[in-house]
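Understanding the architecture of this molecule
Here is what each chain is made of, one letter per residue.
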Amino acid sequence: MPSSHRRLLFLSTPVGPLGSGLGGGVELTLLNLSQGLRARGHQVTVVAPEGSSLADAPVVGIGGQLQPTAHTQGRATPIIFPADSVLENMWRYARQHQSQVDLIVNFAYDWLPFYLTEFFSSPVAHFVSMGSLSDGMDGAIRQVAQGFPGRLGAYTRTQAETFGVAEAFEILGSAIDLEQYEFCPFPGPALAWLGRISPEKGLEDALEAAAIAQVSLKILGKLEDANYWQSLCQRFPEVADSYLGFLPTHGLQQVLRQCRALLMTPRWIEAFGNVAIEALACGVPVIAYARGGPAEIVQPGKTGWLVPPDDVQGLVDAIADIDRLDRQACRHQAETDYSLKALAMRFEQWFETVINPG
Ligand code: HBI
């Protein structure tokens with residue numbers, strides 16, 4: 001059954017402008033999804049903090065103070081808003097424009113949009129970008145699960161399970177624009193590590209494993225936590241030379257594709273791990289801790305290895321076994337499971353059930 005063309009209003013994360021890297025995986029998801037849905041004839045308007053850019057697509061920029069990131073705070077932290085909050089301002093825009101759209105989709109991991117669900121006359125769906133982090137957010141998400149079943153989306157099953165209401169979630173996975181990632185059959189000697197540089201990403205384990213295995217590590221990503229970075233520099237003096245900064249997709253894949261493998265060493269339950277599919281698209285196998293999203297992506301012995309969580313020696317052993325993996329199979333997995341079209345079709349189906357429930 002062909003679905004009709006929809007008018008969609010996407011509200012981005014309030015932690016940073018799109019293109020800054022502060023929004024982590026959500027930035028890539030928004031870019032890919034809006035492209036994939038436009039290609040299928042839908043009209044997508046993206047609302048995001050002022051200064052945002054989303055390739056060549058138009059963005060409605062909203063002023064105001066950025067929201068502090070949720071993942072650096074404890075479980076009991078109260079819900080807080082800065083004065084002149086960009087999140088408040090974005091949702092005021094949504095309320096004012098709701099009659100012109102078929103569906104509003106929230107991409108912020110913040111209390112306000114979940115709370116507002118019942119006060120909007122147009123349907124609001126929520127794409128949840130991280131696992132459970134605080135009691136306040138859990139409560140807001142459960143409220144939506146009870147009052148509006150079907151309105152919650154997540155990247156992976158393990159991520160949804162952290163909220164205790166997994167059945168209320170639509171599992172949507174992720175995707176990348178495969179054309180932007182070039183397959184590389186013959187890599188150089190280095191390994192890669194990609195991500196926001198922040199304690200929950202566990203970069204020290206990758207550094208330790210690389211040091212033991214005596215291979216060099218190329219580090220890419222947004223330097224988010226300066227104190228954490230300082231402590232890494234003291235413990236691993238070579239790290240400053242290994243860090244190549246936060247690169248846009250083209251530059252990132254140029255470095256990544258020449259690596260022998262990607263190391264993923266998260267301490268938390270990584271909701272998905274877009275970097276895993278970026279690596280696969282380049283033909284780069286993934287060595288990851290067997291927890292969260294990466295454990296649902298990697299096919300052990302074929303496109304990577306899964307290692308017991310927090311086991312540095314396990315990483316070292318997996319590094320010794322990289323040559324048993326097939327770079328062609330990595331690219332193939334990315335093409336079959338993680339294309340933009342596949343993602344757009346999964347979201348499209350979910351949106352239809354929200355717009356026309358029952
Ligand atoms: N924190 N408060 C808040 N809101 C978000 O939307 C948010 C966040 N921290 C991280 C984050 N989003 C993104 O990095 C996700 O991609 C994980």
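These remarks concern the structure in this document. (Residues numbered from 1 in each chain as written. Predicted model: local features only at pLDDT ≥ 70, side-chain atom pairs only at ≥ 80, totals over all residues. Heavy atoms only, no water.)

**Re the packing of aromatic side chains**
On inspection of all chains with the given rule, the structure shows 16 aromatic pairs. Centroid distance Phe107 to Phe127: 5.9 Å. Interplanar angle 45°. Geometry classified as tilted. Remark: Phe127 occurs in strand β5 (residues 124-128) and Phe107 occurs in the loop between β4 (103-106) and α3 (111-116); sequence separation between them is 20 residues. Phe127 shares its class with Phe107; the two are buried. Centroid distance Phe127 to Phe347: 5.5 Å. Interplanar angle 50°. Geometry classified as tilted. Of this pair, Phe127 sits in strand β5 while Phe347 is found in helix α14 (residues 340-355), placing the two residues 220 residues apart along the sequence. Taking relative accessible area as the criterion, Phe127 reaches 1% and is therefore assigned buried. Here the aromatic cluster, defined as three or more aromatic residues joined through ring pairs, consists of Phe10, Phe107, Phe127, Tyr155, Phe272, Tyr338, Phe347, Trp350 and Phe351. Lying over the aromatic face of Phe246, Lys222 brings its terminal NZ or CZ to 6.0 Å of the ring centre. (Phe/Tyr/Trp six-rings, centres within 6.5 Å; stacked < 30°, edge-to-face > 60°. Helix = DSSP H or I, 4+ residues; strand = E, 2+ residues; numbered from the N terminus. Buried < 20%, exposed > 50% of the residue type's maximum accessible area, 1.4 Å probe, protein only. Lys NZ or Arg CZ within 6 Å of the ring centre and 35° of its normal.)

**Some points on the pattern of salt bridges**
Going through the model one piece at a time under the given rule, you end up with 17 salt bridges. Among the ionic pairs, Glu182 bridges to Arg257, the shortest N-O distance being 3.5 Å. Here Arg257 lies in the loop between α9 (249-256) and β10 (262-264) and Glu182 lies in the loop between β7 (169-171) and β8 (191-194), a separation of 75 residues in the sequence. Its relative accessible area of 46% is what places Glu182 among the partly exposed residues. Asp321 is the salt-bridge partner of Arg324, the closest N and O atoms lying 3.3 Å from each other. Judged by its relative accessible area of 28%, Asp321 is partly exposed. (Salt bridge = Lys/Arg side-chain N within 4 Å of Asp/Glu carboxyl O.)

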